[in-house]
Amino acid sequence: MECLKGLLLLFVCFFCVKAQALPSVNALSWVLLDASSGQILAELNKDQPLPPASLTKVMTAYMVLSEIREGRLSRRDRAKVSASAIVHRPEESSMFLKVGESVSVDELLRGLIVASANDAALVLAEVVSGSQRAFAKQMNKTAQGLGMTQSLFANASGLYTDKHYSTAKDLGLLAVRISQEFPEYFEYSSSKDLTFRDFHKKNTNDLLFSKLPVDGMKTGHIKAAGWCVMVSARKNKRPDKKSERYIAVVLGAPSNQDRFAAGRILLEFAFSQPRIVKEAF
């Protein structure tokens, strides 16, 4: 009898949420997920292929952290910067690496995630795979293994090409997997700034400076992609309670302000729902 009551409550809660209006978000595509289960709580155009811009760097980080987990790489290892990794276009984000200098993997990961540095992405690609082309090939193999069946990667940084695209659903899956497998990612994405030599940059994720319990994950912007953000926040961070983590992925917002408004709206929507409802999806 108690089991029947529980199922009835779950059934009622499920349809209550279905009846609610979706959050109003100004973006081409978005998805909101429960990070513990990977379940989608709400979405719009989740399967629409779009340029991911620098959200690509989450895949780059996933691959680097996988190498560290397998013992083939260490955060303390140092990489020599090659000429092919130097960023030449002024519109590209950079941590201003110099040809021939030695930089630790840890410093490169911080530059990649906090400052969205393209040169850090290129050096890490060469560290993992030996060349940019080989890394892109490995990215696609890794994506397929993660179930990201609607994605194609051509580079480690997110520069635009028509052969480089993903979807909110696939990027949400990536975000869930990196949060589950590599919680150390949040050591980087929660950092509010980066200092490297005389270079200093504030984290590009403005939601880290909001009242929400945000701890990352990544921003992205190029003209072809619009303004994008992948953002994570945790609820119930007290040690006597299991934290609930929610992740929002927003693609194609028309402005910097719109992408962060979208992330905030989606996370607030997730926090407002009873836990039993979210587990029903």
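Anything mentioned here points back to the structure above.
K.L.:
Before we go on, may I ask you to explain the overall build of the protein chain in this structure?
P.N.:
Each helix and strand in the protein chain was counted, giving nine helices and nine strands. When the 281 residues of the protein chain are sorted by exposure, 52% land in the buried category. Pairs at least 24 apart in sequence give 64% of the contacts found in the protein chain among residues at least 6 apart. Only carbon and sulfur atoms are counted for the fraction: they give 54% of the accessible area of the protein chain, which is about 13000 Å².

K.L.:
I'm lost on the environment of Val-25 in this one. Help?
P.N.:
Inspection of the secondary structure puts Val-25 in the loop between helix 1 (2-19) and strand 1 (29-34). Expressed as a C-alpha distance, the spacing of Val-25 and Ile-265, which sit 240 residues apart in the sequence, is 7.4 Å. In this structure, Val-25 is in contact with Trp-30, Ala-262, Ile-265 and Leu-266, ignoring residues within four places of it in sequence.

K.L.:
I tried to follow the layout of surface pockets on my own but got confused; where do I start?
P.N.:
Left-over empty space is what a probe sized like a water molecule reveals as it rolls over the atoms. Approximately 380 Å³ is the volume found for the largest pocket. Lining of the largest pocket is provided by 19 residues; of these, Glu-91, Glu-92, Ser-93, His-221 and Ile-222 occupy positions nearest its centre. Ranked by residue count, the leading element in the lining of the largest pocket is strand 7 (residues 214-222), at four residues. A breakdown of the residues in the lining of the largest pocket according to their chemical character gives three nonpolar, 10 polar and six charged.

K.L.:
How do you make sense of the environment of Gln-273 when you look at a structure like this?
P.N.:
Tracing the chain through its elements places Gln-273 in the loop between helix 8 (256-272) and helix 9 (275-280). Accessibility expressed as a relative area gives 10% for Gln-273, which makes it buried. Separated by 232 residues in the primary sequence, Gln-273 and Leu-41 have C-alpha atoms spaced 9.9 Å apart. At a separation of 2.9 Å, a polar atom in the side chain of Gln-273 contacts the side chain of Ser-272.

K.L.:
What exactly am I supposed to notice about the nonpolar core here?
P.N.:
One broad rule of soluble globular proteins: the nonpolar side chains tend to lie buried together. Core analysis: the largest hydrophobic core is formed by 64 residues, its most contacted members being Met-59, Leu-97, Ile-178, Tyr-185, Met-230, Ile-247 and Val-249. Sequence-distant contacts of Met-230, that is, excluding residues within four places in its chain, are made with Leu-55, Val-58, Leu-171, Ala-175, Gly-216, Met-217, Lys-218, Ile-247, Ala-248 and Val-249. Formed by 24 residues, the second largest nonpolar core is a distinct cluster that contains Trp-30, Val-229, Tyr-246 and Ala-253.

K.L.:
Whenever I open this one, the sheet that holds strand 2 (residues 40-44) confuses me. Can you help?
P.N.:
Where strands meet in a sheet, backbone hydrogen bonds hold them as pairs that are either parallel or antiparallel. Pairing is antiparallel in the open sheet, where five strands are placed in the order 2-1-9-8-7. Each edge of the sheet is formed by a strand with only one pairing partner; in this case those strands are strand 2 and strand 7. Between one strand and the next, the sheet's axes are offset by a mean angle of 5 degrees, whatever the strand orientation. With seven bridges joining them, strand 7 and strand 8 (residues 226-235) adopt antiparallel strand pairing. Bridging across to strand 8, Val-214 finds its partner in Ala-233. Packed on one face of the sheet, helix 6 (residues 168-181) meets strand 1, strand 2, strand 7, strand 8 and strand 9 (244-253) and runs near 145 degrees to strand 9.

K.L.:
Help me understand the packing of aromatic side chains in this model?
P.N.:
Any pair of aromatic rings gets described here by the distance separating the centres and the angle formed by the planes. For the structure shown, the criterion picks out four aromatic pairs. With a centroid separation of 5.4 Å and 80 degrees between ring planes, the pair formed by Tyr-62 and Phe-182 is classed as edge-to-face. Of the two residues, Tyr-62 sits in helix 2 (residues 56-69) while Phe-182 sits in the loop between helix 6 and helix 7 (185-189), which places them 120 residues apart along the sequence. Each member of the pair, Tyr-62 together with Phe-182, is buried. A centroid spacing of 5.6 Å and a plane angle of 70 degrees characterise the contact between Tyr-246 and Phe-271, whose relative ring orientation is edge-to-face. Of the two residues, Tyr-246 is situated in strand 9 and Phe-271 in helix 8; the sequence distance between them amounts to 25 residues. For the pair formed by Tyr-246 and Phe-271, the shared burial category is buried. The residue whose ring lies beneath Lys-202 is Phe-209, and the NZ or CZ to ring-centre distance is 4.6 Å. Directly above the ring of Phe-186 sits Arg-245, whose terminal nitrogen or CZ lies 3.8 Å from the centroid.

Thresholds, definitions, all that
- Residues numbered from 1 in each chain as written.
- Predicted model: local features only at pLDDT ≥ 70, side-chain atom pairs only at ≥ 80, totals over all residues.
- Heavy atoms only, no water.
- Helix = DSSP H or I, 4+ residues; strand = E, 2+ residues; numbered from the N terminus.
- Buried < 20%, exposed > 50% of the residue type's maximum accessible area, 1.4 Å probe, protein only.
- Contact = heavy atoms within 4.5 Å.
- Areas by Shrake-Rupley, 256 points an atom, 1.4 Å probe, with all protein chains shown as cover.
- 1 Å grid on protein atoms, 1.4 Å probe; cavity = no way out; pocket = protein on both sides within 12 Å on 5 of 7 lines; lining within 4 Å.
- Points joined across faces, edges and corners; volume = space filled by probe spheres on them.
- Nonpolar A, V, L, I, M, F, W, Y, C, P; charged D, E, K, R; others polar.
- Polar contact = N/O pair within 3.5 Å; in protein donor to acceptor, adjacent residues only side chain to side chain.
- Core = buried A, V, L, I, M, F, W, Y, C linked by side-chain atoms within 4.5 Å.
- Pairing = 2+ DSSP bridges.
- Axes fitted to C-alpha atoms, helices over the stretch in contact; angles between N-to-C directions.
- Phe/Tyr/Trp six-rings, centres within 6.5 Å; stacked < 30°, edge-to-face > 60°.
- Lys NZ or Arg CZ within 6 Å of the ring centre and 35° of its normal.

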